[in-house]
Amino acid sequence: MLGVFGTGLIKGLYTWQVEPFWAEYVKKKMSISNLPEELVGKTLMQISDIHIGDHFNYNYIIDSFKKAQKLSPDYVAYTSDYIHYDNDNQLNQLEEVLKYAVKGKIASVGILGNHDYGRNWSDKIIAEKVSMKLSQNGINVLNNDQKEIEGLNFIGFDDYLGVNFKPQDVMQNYDKSKANIVLCHNLDVCDLDVWNGYQGWILAGHTHGGQCKPPFLNASVLPTLNKRYTQGEIDLFDGRTLYINRALGFKWQVRFNVRPEITIFTLEKA
Ligand SMILES: [Fe+2]
């Protein structure tokens, strides 16, 4: 009895106090069509779902940012959910954390997620304030917009569950001959008819990998309609490759077998 109780206690402590704060720096290659020669070997860091608020000690995010900055990424892409909104304190807390935001040597870009729209994902004022704080800290916010930065063209969708989801605004006139990368918080968008023939990478977050995953089984809790995709690199078999970052932060302070993640892609020509 004592043995079973002791093992359960250790597992519980690990799930509550260890794994949620044990970020993994995942290294991947990213092949991109039309990539300029001078960008071969450059790095793109993806950071997702930091969820700043009162639900956990966000000094962990600041510490993770300091470690990540030492990796000197060339580009940094933030795939949103910057806050976990309960009240306007989260905007001040975000401001404090963004002083340490990881910056790319060439540029940093970001999009918004559902949590950045406050309660019921519907508060445009909160979303505008989050956007402004990101911009003030050197992060280019792409709300259904695109920006080419030294040869890499970032296309950013505003969030699917928010009130400004208009991917057609940017997808109707993107240039297929550019080195494009799409940032899209919610992977359910991959199943919508909004892509206008896009081929290439889609960087997403939102699932947190399910946060807990029993060995050999699927993650049980996913905030998506499409339950097939939980984390990592997924070939969509139509020229698109989806990458789902497992998130650096979390909604509930539990993680098991789904460590938090910062991803570092090394760019290469497709
Ligand atoms: Fe999230």
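Residues numbered from 1 in each chain as written. Predicted model: local features only at pLDDT ≥ 70, side-chain atom pairs only at ≥ 80, totals over all residues. Heavy atoms only, no water.

1. What to know about the sheet that holds strand E4 (residues 107-110)
Next up, step 1: Taken in spatial order, the six strands make up an open sheet running E1-E12-E2-E3-E4-E5, and their pairing is mixed. Bordering the open sheet on either side are strand E1 (24-32) and strand E5 (140-141), each of which pairs with just one other strand.
Next up, step 2: Where strand E2 (residues 43-47) lies against strand E12 (residues 261-269), four bridges are found, and the strand directions are antiparallel. In the sheet register, Met-45 faces E12, and the bridge partner there is Ile-264.
Next up, step 3: Where helix H2 (residues 59-69) meets the sheet, it contacts E1, E2, strand E3 (75-78) and E12, and its direction lies at approximately 50 degrees from that of E1. (Pairing = 2+ DSSP bridges. Helix = DSSP H or I, 4+ residues; strand = E, 2+ residues; numbered from the N terminus. Contact = heavy atoms within 4.5 Å. Axes fitted to C-alpha atoms, helices over the stretch in contact; angles between N-to-C directions.)

2. Some points on the pairing of strand E7 (residues 152-156)
Next up, step 1: Among the five residues that make up E7, five are buried, leaving the element largely enclosed by the rest of the structure.
Next up, step 2: Where burial is concerned, the two faces of E7 agree: the one with Leu-152, Phe-154 and Gly-156 and the one with Asn-153 and Ile-155 are both buried.
Next up, step 3: In the sheet, strand E6 (residues 145-149) pairs with E7 via five bridges, with the strands oriented antiparallel. Within the sheet, the bridge partner assigned to Glu-148 lies in E7 and is Asn-153.
Next up, step 4: From the end of E6 to the start of E7, which pair antiparallel, there are two residues, and Glu-150 there has a positive phi angle of about 50 degrees.
Next up, step 5: Pairing geometry for E7 and strand E8 (residues 180-183), over four bridges, is parallel. (Buried < 20%, exposed > 50% of the residue type's maximum accessible area, 1.4 Å probe, protein only.)

3. Overview of the sheet that holds E7
Next up, step 1: Spatially, six strands are ordered E6-E7-E8-E9-E11-E10 in an open sheet, and the strand pairing comes out mixed. In the strand order of this sheet, the two ends are held by E6 and strand E10 (232-235), each with one partner. In this sheet, adjacent strand axes meet at a mean angle of 20 degrees when their direction is disregarded.

4. Brief notes about the coordination of the iron ion
Next up, step 1: The iron ion binds to the protein through Asp-49 (OD), His-51 (NE2), Asp-81 (OD) and His-208 (NE2); the donor distances cover 2.1 to 2.3 Å.
Next up, step 2: One can describe the donor arrangement at the iron ion as irregular, given that its four donor atoms subtend angles of 86 to 176 degrees at the metal.
Next up, step 3: The motif formed by the donor residues of the iron ion, counted along the single chain, is D-x1-H-x29-D-x126-H. A residue pair is termed long-range when its members are at least 10 positions apart, and Asp-49 in the loop between E2 and H2 and His-208 in the loop between strand E9 (200-204) and E10 qualify at 159 residues. (Donors = N, O, S within 2.8 Å, 3.2 Å for Na, K, Ca; no water. Tetrahedral: all angles 85-135°; square planar, octahedral: opposite > 155°, others 65-115°.)

5. A short note on the packing of aromatic side chains
Next up, step 1: Scanning all chains against the criterion turns up 15 aromatic pairs.
Next up, step 2: Ring geometry for Phe-56 against Phe-250: centres 4.2 Å apart, planes inclined by 35 degrees, an arrangement best described as tilted. Here Phe-250 lies in the loop between strand E11 (240-244) and E12 and Phe-56 lies in the loop between E2 and H2, a separation of 194 residues in the sequence.
Next up, step 3: Under the relative-accessibility criterion, Phe-56 is labelled buried at 7%.
Next up, step 4: For the ring pair Tyr-174 and Tyr-198, a centre distance of 6.1 Å and an interplane angle of 65 degrees mean the geometry is edge-to-face. (Phe/Tyr/Trp six-rings, centres within 6.5 Å; stacked < 30°, edge-to-face > 60°.)

6. Quick word on helix H4 (residues 124-136)
Next up, step 1: The end-to-end C-alpha distance of H4 is 18 Å, a good match for the 18 Å that 13 residues give at a rise of 1.5 Å each.
Next up, step 2: Listing the buried residues of H4 in full gives Ile-126, Ala-127, Val-130, Ser-131, Lys-133 and Leu-134. The buried residues of H4 occupy an angular sector of 165 degrees when projected down its axis, which confines them to one face. Away from the buried face of H4 by more than 90 degrees, exposed residues Ile-125, Glu-128 and Gln-136 are located.
Next up, step 3: Buried residues along H4 sit in contact with helix H3 (89-98) and E5. (Expected span 1.5 Å × (residues − 1). Arc of directions from axis to C-beta.)

7. Points about the side chain of Ser-64
Next up, step 1: With respect to the helices and strands, Ser-64 occurs in helix H2.
Next up, step 2: Owing to a relative accessible area of 4%, Ser-64 belongs among the buried residues under this scheme.
Next up, step 3: In terms of polar contacts, Ser-64 uses its side chain to reach the backbone carbonyl oxygen of Tyr-60, at 2.8 Å.
Next up, step 4: Residues contacting Ser-64, with those up to four places away along its chain left out, are Tyr-25, Leu-248 and Ile-262. (Polar contact = N/O pair within 3.5 Å; in protein donor to acceptor, adjacent residues only side chain to side chain.)

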